[in-house]
Amino acid sequence: MSGKRILITGAAGFLGSHLCDRFIKEGFHVIAMDNLITGDLRNIEHLFKLENFEFYHHDVSKFVHVSGELDYILHFASPASPIDYLKIPIQTLKVGSLGIHNLLGLAKEKNARILIASTSEVYGDPNVNPQPEEYWGNVNPVGPRGVYDEAKRFQEAMTMAYHTFHEVETRIVRIFNTYGPRMRLNDGRVLPAFIGQAIRGEDLTVFGDGSQTRSFCYVDDLIEGIYRLLFSDYVYPVNIGNPDEITIKEFGEEIIKLTGTKQKLITKPLPVDDPKQRRPDITKARELLGWEPKVSRAEGLKITYEYFKSLPVEVIEKIEHKDFTSYNK
Ligand code: UDP
């Protein structure tokens, strides 16, 4: 693959930055793009000295120009945590609609293969568990999560339309909850929230009674799945995630054990439309890509905890965890 050119949008984000690392390692020329609304240049700082890396500070909701040839595009630009997309709902809708239109147009123009980041949120608050790709979902379009869920659903529809009508080579990954180094401590997600609280000596805030479930995938596993999907010939959506399901209450107890904190679990109101269960059916990924997760939650959490502990004290102390239950009203 040496010398192939790939555009990665959302490159300074959690997943985007890990994708940059992987494609650099595989010998690609990486063109990174981010508007830095939720991304952080510190995630890709180490790549700037490389010849086969370039960065553009650009919002892909506006016309995207890349000069020269382009072989692949990975569209990972979007706010992706409930706190973020509730704070910036319009940008979330724009990047999922105007942004994808620009990038599909670019893919068509350059004859590039494009892979888009979709999400388990397309299943909404699912009525079936685990969720196979054939499940159409249970989404509230006008609820607080609607701006993200519907943007991602539109993005999938637009991608399939470009595939069908313009014969653009497209791939769609539906990403389930993923964690690992470079997650933002203040992105509101449960894992950085719990670990941050444990490090600061605060109680861990469980939303609702904690019986809702999630299934957490370590970032290296996810990146491997995406890499395999890009080079497969399958155009329909593929779930990538770890099927090891756990309740949020049990997860909180795991974090207490891991960090050795003396704090306890406390409850806060459950946010509106918070999915009650989430677990990927990964039969397709297993059969089509020969992929399944390799890193256990115990191993992945240990690495992630070490990462958070290594952050400068100011970063950890500065963060005041805000839940988004206020959006209930
Ligand atoms: N959650 C929680 N305490 C927190 C943050 C989140 O109990 O401080 C819950 C949240 O209500 C949800 C689950 O943890 O049921 C996962 O939330 P997250 O925001 O990480 O992701 P998503 O809901 O998008 O899966």
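Residues numbered from 1 in each chain as written. Predicted model: local features only at pLDDT ≥ 70, side-chain atom pairs only at ≥ 80, totals over all residues. Heavy atoms only, no water.

Taken N-terminus to C-terminus, the directions of helix 3 (residues 89-110) and helix 4 (residues 146-166) make an angle of 15 degrees; their axes are 9 Å apart at the nearest point. It follows that helix 3 is roughly parallel to helix 4 by the angle criterion. Note that helix 3 runs across helix 4; the crossing there is right-handed. Contacts between helix 3 and helix 4 involve Pro 89, Thr 92, Leu 93, Val 95, Gly 96, Ser 97, Ile 100, His 101, Leu 104, Gly 105 and Lys 108 from the first element and Val 147, Tyr 148, Ala 151, Phe 154, Gln 155, Met 158, Thr 159, Tyr 162 and His 166 from the second. A per-class count over the contact of helix 3 with helix 4 returns eleven nonpolar, eight polar and one charged. (Axes fitted to C-alpha atoms, helices over the stretch in contact; angles between N-to-C directions. Helix = DSSP H or I, 4+ residues; strand = E, 2+ residues; numbered from the N terminus. Parallel < 35°, antiparallel > 145°, perpendicular 65-115°, else oblique. Left-handed = near helix turned anticlockwise from the far one by under 90°. Contact = heavy atoms within 4.5 Å. Nonpolar A, V, L, I, M, F, W, Y, C, P; charged D, E, K, R; others polar.)

Here the structure, examined in full by the defined rule, presents 24 salt bridges. With its nearest N and O atoms 2.8 Å apart, the salt bridge here joins Asp 21 to Arg 182. With Asp 21 in helix 1 (residues 14-25) and Arg 182 in the loop between strand 7 (178-179) and helix 5 (190-200), this pair connects stretches of sequence that are 161 residues apart. By relative accessible area, which is 23% here, Asp 21 ends up partly exposed. In this structure, Arg 174 engages Glu 156 in a salt bridge whose closest nitrogen and oxygen atoms are separated by 2.7 Å. On the criterion of sequence distance, the pair formed by Arg 174 in strand 6 (residues 170-175) and Glu 156 in helix 4 is long-range, its members being 18 residues apart. Among the charged side chains, a network of salt bridges with common partners joins Glu 121, Arg 145, Arg 214, Asp 274 and Arg 278. (Salt bridge = Lys/Arg side-chain N within 4 Å of Asp/Glu carboxyl O. Buried < 20%, exposed > 50% of the residue type's maximum accessible area, 1.4 Å probe, protein only.)

To continue, consider the site of the ligand. The ligand sits among 19 residues. The nearest are Thr 205, Phe 207, Arg 214, Asp 274 and Arg 278. In the model, an oxygen atom of the ligand is placed 2.8 Å from a nitrogen or oxygen of the Val 190 main chain. Contact distances for the ligand include 2.6 Å between an oxygen atom and a side-chain N or O atom of Asp 274. For the ligand, whose unbound accessible area comes to 520 Å², protein coverage reaches 99%. Going through the elements one at a time, helix 5 and strand 8 (204-207) are the ones with two or more residues in the shell around the ligand. For the shell around the ligand, the class distribution of residues is eight nonpolar, five polar and six charged. (Near = heavy atom within 4 Å. Polar contact = N/O pair within 3.5 Å; in protein donor to acceptor, adjacent residues only side chain to side chain. Areas by Shrake-Rupley, 256 points an atom, 1.4 Å probe, with all protein chains shown as cover.)

Ordered in space as 3-2-1-4-5-6-11, the seven strands form an open sheet in which the pairing is parallel. Each end of this open sheet is capped by a strand with a single partner; those strands are strand 3 (53-57) and strand 11 (238-240). In this sheet, neighbouring strand axes are inclined to one another by 20 degrees on average, regardless of whether the strands run parallel or antiparallel. Pairing of strand 6 with strand 11, which is carried by three bridges, proceeds in the parallel orientation. Looking across to strand 11, one finds that Arg 174 is bridged to Asn 239. Against the sheet, helix 1 contacts strand 1 (5-9), strand 2 (29-34), strand 3, strand 4 (72-75) and strand 6, and its axis sits at roughly 170 degrees relative to strand 1. Here helix 3 sits on the sheet and contacts strand 1, strand 4, strand 5 (113-119) and strand 6; the angle it forms with strand 4, its principal contact strand, is near 175 degrees. (Pairing = 2+ DSSP bridges.)

Let us now look at the environment of His 166. For His 166, the location among the structural elements is in helix 4. Distance in space between the C-alpha atoms of His 166 and Val 142 is 31 Å, their sequence separation being 24 residues. Once residues lying within four places of it in the same chain are set aside, the contact partners of His 166 are Lys 108 and Ala 161.

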